[in-house]
Each structure stands twice: as structure tokens, then as C-alpha cells.
Amino acid sequence: MQHPLRRPLSVLLLGTMLALPLPAAAGSVETRLAEELLASLGPSVPPDAQVALTLGRPFDGPVDAVRDIGLDPRTGIFQARILSNGHAVELSGRADVEVTMPVPVRRIRPGEVIEASDLTTIRLSLDRAGAGFIATADALVGQSPRRQLSAGRLVQVGSVGAPIVVQRNRPVTLVYEDGALLLAARGRALQEGGVGDSVRVMNIASSTVVTGTVTGAETVSVSGPRLPQAAKP
């Protein structure tokens, strides 16, 4: 008959350094296993991840080393092999890993700029968070949705970007720089984009389509010989 021993732990993971906010529990097998488990999950796990660890059977011996540890994120079952007093011991149990994720507090439409007041956080299990969602508010503030964001819903990676400053089918200035040479021409954007995005633009004078980088409001910088040739009077 198993006698589960549950000790919630909060382990802060900063790069390769681990700080335990529960110093009284330092040295326990649960604390050591929680450290090793978070480290094994790598940088995809946010630094404020929390682990609630339940051993399948009690173990009060010392932990000299953790030789192997693995977690099935779907079931939450972990298995570990440790060394204790020179003997190998197999341990297993359940590890519930929770992370804090940002979500909007309101509906945010494309074209709006996300502010800190537009966001809150929720806690959920690691398997529900997944790698396809944005994990920090800092990665959202100052960005603009590419599609509508719903209140209380996780934000998918790729669904936000720099605020749109070049509008599709709107006039833009094409700029070509090569050392001291600076040429400009009128163009029409064939795609929308924010600063840093790559967009296609038609040179109005020559009808030539070029690809450039958005550098500011209604401004696209391009390189290569096409623009200066097209910009000649």
C-alpha cells in the first residue's frame, strides 16, 4: 500500500542557478528532485514555475546524486534514479508543474498597441501552457495583434508583432542607401508590416516590385540596383 507524501515546493530557476524560497526544506529528497526536474525541462519553462511533488512511497534517506530523472508531461508521472549511501534507488511519483502565463483582460483588436494594463496572469499546468504560447507579459507589451485576441485566452506565438506602420495598398517612401548615396522614390505597399518586417512594394514610377524592410512610418528601405535605376528621372 502506498503512502503518498506531498510537499508543495516553489523552485526558482534562473539559468543554471536554482534558488529555493523554502530553505527549511533544503536537503529533502522532494526538494532535490524538484530542482533536477525543473533543470531537465530546460529554458522552455518560465522562471517562476512551481512544482508540487508527490512520492509514490516515503523516502527519508540522503540524496548523494540524481543519476536520471524523467517526466511524462501528459500524465505528470515522474521516475528518478538516485544514489543514497552508495546504493541506487528507484523513485517514482507525481509531479504537478504549474506556470504563470499572461492573458488579455479584454478583447484586443488588430492595430491596437498592447499595454501592461491590458494583461493579467493565470496559473495552469505545464502541459496546458505548451511551447506555442507567449509566456511573458514583456513579450506582449508594445506589440500589436495580427488577429483579434480574446480576453482570458493564451496568446499564440506569431499572433502579435510590431505595430503596423505600413498599410497595404497605401503610399510609402522607398529609400535606398549605399554609403553616401541616398535615393528615394514613391511606392505602393503590397503588404502591411511593422518596423523590421519584410514587405513587397511597387515602385510607382517603374511598376517594379521590390522587397524591403520597414524602417518607420510609411518608409521602406531596400538594397540592390533596382531602386536607383527605377528612381532616375
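Residues numbered from 1 in each chain as written. Predicted model: local features only at pLDDT ≥ 70, side-chain atom pairs only at ≥ 80, totals over all residues. Heavy atoms only, no water.

(A) Main features of the overall build of the protein. Across its full length, the protein carries three helices and 17 strands. Sequence separation of at least 24 residues holds for 50% of the intrachain contacts in the protein that already meet a minimum separation of 6. (Helix = DSSP H or I, 4+ residues; strand = E, 2+ residues; numbered from the N terminus. Contact = heavy atoms within 4.5 Å.)

(B) Structural view of the pattern of salt bridges. Scanning the entire structure with this criterion turns up six salt bridges. Ionic pairing is found between arginine 94 and aspartate 96, a salt bridge with its closest N-O pair at 2.9 Å. Using a relative accessible area of 25% as the deciding quantity, one classes aspartate 96 as partly exposed. As a salt-bridge pair, arginine 146 and aspartate 197 come within 3.4 Å of each other at their nearest N and O atoms. (Salt bridge = Lys/Arg side-chain N within 4 Å of Asp/Glu carboxyl O. Buried < 20%, exposed > 50% of the residue type's maximum accessible area, 1.4 Å probe, protein only.)

(C) Here's a closer look at unusual backbone geometry. Even without being glycine, asparagine 85 reaches a positive phi, approximately 55°. By the element assignment, asparagine 85 lies in the loop between strand S6 (77-84) and strand S7 (87-104). The exposure class of asparagine 85 is exposed, given its relative accessible area of 57%. In this model, asparagine 169 sits at a positive phi of 65°, which is unusual for a non-glycine residue. Tracing the backbone through its elements, the reader meets asparagine 169 in the loop between strand S11 (164-166) and strand S12 (171-178). Using a relative accessible area of 40% as the deciding quantity, one classes asparagine 169 as partly exposed.

(D) A look at the confidence of the model for the protein. Residues with a pLDDT of 70 or more make up 84% of the protein, whose mean pLDDT is 82. No element of the protein has a lower mean pLDDT than strand S2 (residues 12-14), which averages 30, and none a higher one than strand S15 (residues 198-203), which averages 96. Scored below 50 in pLDDT, residues 1-27 makes 53 contacts in the model with residues more than four places away or belonging to other chains. Segment residues 226-233 is flagged for pLDDT under 50; beyond a separation of four residues in sequence, or across chains, it makes 16 contacts in the model. (pLDDT = per-residue confidence, 0-100.)

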